[in-house]
Amino acid sequence: MLLVLNRWSLRGPVGWGVSLALAVTFLSLPVSAQATGGMLAANVSGWLSADDPRIELTPPPPPPPKPTVHEILAQAAHDQGVDPNLLLAVSYWESSWNQSAVSSEGAIGLLQVMPKTAEVAGPRFLGRTVNLNDPNDNAEIGAALLKDLLNKYDPRTALAAYYQGEPALLSGSYAPDTWHYADGILSLAGQIAAGQGPAGSQGPSAS
């Protein structure tokens, strides 16, 4: 015997039966599965946001560590084309690698740059103004000043000019310890290059 279902039976009892079966199936699911389904539906409907406590968020990565003074000076030396061992030696002699150092004359930071010098040298050598209280700027402008002197003089004379300024050096009216300063830095640069520099040659973290 062939059973034929008419349209009414398909739309009516059969359709109703399917809906009932789906409802019973959903109710038989574990509570967690029902909750997940609810969250998915809510998410599709736009009910949930990133602030919803039910959503497990991936924490952001930790910030990168601060560069050390050694790394800052090495980068500045690379940028300006200066021997990094020499720049490290100048900075150690000038400030003991201390960005917070300020001389009695007002020179600031790792490479003890005078603010008035930086006002002129920043735009001239770096094409911008510099903040001497920023260790990166301090290292960059100090390295640029040293590079300019090394382009004009031998290393010993360039260091003397960095210490006393070109006018004083050329006029002969420089401090008695000028050449001791230059020779000491050259010696220290050689020690650093040989791995025999001051304790903490890697430098403390920049602040």
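One can find the structure itself at the top, above this paragraph.
Residues numbered from 1 in each chain as written. Predicted model: local features only at pLDDT ≥ 70, side-chain atom pairs only at ≥ 80, totals over all residues. Heavy atoms only, no water.

1. Describing the packing of aromatic side chains
Phase 1 of the analysis: One pass over the structure, following the stated rule, counts four aromatic pairs.
Phase 2 of the analysis: Look at Tyr92 and Trp97: their rings are 4.7 Å apart centre to centre, the planes differ by 65°, and that puts the pair in the edge-to-face class.
Phase 3 of the analysis: A residue is classified by how much of its surface remains accessible, and Tyr92, at 29% relative accessible area, is partly exposed.
Phase 4 of the analysis: For Trp97, a relative accessible area of 4% translates into the label buried.
Phase 5 of the analysis: Each member of the aromatic cluster is reached from another via a ring pair, and the members are Trp93, Tyr163 and Tyr181. (Phe/Tyr/Trp six-rings, centres within 6.5 Å; stacked < 30°, edge-to-face > 60°. Buried < 20%, exposed > 50% of the residue type's maximum accessible area, 1.4 Å probe, protein only.)

2. Overview of the environment of Ile192
Phase 1 of the analysis: By the element assignment, Ile192 lies in helix H9 (residues 178-193).
Phase 2 of the analysis: Judged by relative accessible area, which is 12%, Ile192 ranks as buried.
Phase 3 of the analysis: Residues Ile192 and Leu86, spaced 106 residues apart in sequence, show a C-alpha to C-alpha distance of 8.5 Å. (Helix = DSSP H or I, 4+ residues; strand = E, 2+ residues; numbered from the N terminus.)

3. Notes on unusual backbone geometry
Phase 1 of the analysis: Positive phi, normally seen in glycine, also occurs at Ser96, with a value near 60°.
Phase 2 of the analysis: Here Ser96 is to be found in the loop between helix H4 (84-95) and helix H5 (115-126).
Phase 3 of the analysis: Unlike most non-glycine residues, Trp97 shows phi in positive territory, near 60°.
Phase 4 of the analysis: Note that Trp97 resides in the loop between H4 and H5.

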